[in-house]
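Chain by chain, the residues run as shown.
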Amino acid sequence: MVKKAKISLFEDPSDEIQNYSFEFEKGDKISIVGESGQGKTTILNVLSGIYPLNSGDIIIDDKKIDNPKLDVVYISQDVDLFDLSIRDNLTLGKNISDKKILELFEDAGLMEWYSNLENGLDEMVGEKGVKLSAGQRQRLNIIRGILIDKDVYFFDEPTSNLDKESEEKIVLMIDKYLKDKTYLIVTHRDSIKRLCNKHYYFEDHIMKKK
């Protein structure tokens, strides 16, 4: 379990970020905002081990880590669904009751859509979820992340494909189900930022803390 992580003055492989110092502790809810191309998603990719650390330091629980691979749930705005059933996409082989899944559907505003499915949770979504709308895929991705149930969550624009009403439901879900978790959220939405107790922003490719 990560209690504290810090990253400082690293060389960004995409050359988006000039320098910064960033840290989070267990229980933090952090928003990261800024214009497109500033490097917001890069931070999540470095901490999750997707991007290598070429220079600088990452310190996790007071130990310097060269190649971090934090045990996190990473909910990207680019939803990757498998050509399987809705149930299989959400449970990923775990034993999760239909009751629990439908409770999350209700919270996410998906019950009307679900009630019209011919095969219920056994409905196939098609390759990359082609049979679903962008908003449905995004909400299912968030539900899947909640069901995975880890201590740390990274969100990259989790409501980018949702209307205002659906977005508010997702905000309430994050607050309800992840209240005791640590999470970092890249977002432009004020409703999402209200969930957070710490805020970072980018200005001229430099990350700053509010």
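Chemist: I would appreciate a short explanation of the overall build of the chain in the present structure.
Modeler: Broken down by element type, the chain carries seven helices and ten strands. The contacts in the chain between residues at least 6 apart in sequence include a share of 69% that link residues at least 24 apart. Taken as a whole, the chain presents about 10700 Å² of accessible surface, with 43% of it coming from carbon and sulfur.

Chemist: Just checking my understanding: could you explain the nonpolar core for this structure?
Modeler: Inside soluble globular proteins, nonpolar side chains tend to come together where they are buried. Grouped together as the largest cluster of nonpolar side chains are 37 residues, with contacts concentrated most on I86, F105, W113, I143 and Y183. Excluding residues within four positions of it along the chain, I143 makes contact with L90, L104, F105, A108, L110 and M173. Counting residues in each nonpolar core, the second largest holds 19 residues, with L44, L47, L70 and V152 among its members.

Chemist: Explain helix 1 (residues 40-47) here, please?
Modeler: Residues three or four positions apart in an α-helix share a direction because the helix packs 3.6 residues into each turn. Counting buried residues along helix 1, seven of its eight residues qualify, which places the element largely inside the surrounding structure. Among the residues making up helix 1, those that are buried are K40, T42, I43, L44, N45, V46 and L47. Of the residues flanking the end of helix 1, it is G49, one or two places downstream, whose phi is positive at about 90°.

Chemist: How should I be thinking about the pattern of salt bridges in this particular structure?
Modeler: As a working rule, side chains carrying opposite charge can pair if their charged atoms are close by. Within the structure shown, the criterion is met by ten salt bridges. Measuring nitrogen to oxygen at the nearest pair gives 3.1 Å for the salt bridge that ties D107 to K176. Of the two residues, D107 sits in helix 3 (residues 98-108) while K176 sits in helix 6 (residues 164-177), which places them 69 residues apart along the sequence. Among the ionic pairs, E203 bridges to K208, the shortest N-O distance being 2.8 Å. For K208, a relative accessible area of 31% translates into the label partly exposed.

So, how was this worked out
- Residues numbered from 1 in each chain as written.
- Predicted model: local features only at pLDDT ≥ 70, side-chain atom pairs only at ≥ 80, totals over all residues.
- Heavy atoms only, no water.
- Helix = DSSP H or I, 4+ residues; strand = E, 2+ residues; numbered from the N terminus.
- Contact = heavy atoms within 4.5 Å.
- Areas by Shrake-Rupley, 256 points an atom, 1.4 Å probe, with all protein chains shown as cover.
- Core = buried A, V, L, I, M, F, W, Y, C linked by side-chain atoms within 4.5 Å.
- Buried < 20%, exposed > 50% of the residue type's maximum accessible area, 1.4 Å probe, protein only.
- Salt bridge = Lys/Arg side-chain N within 4 Å of Asp/Glu carboxyl O.

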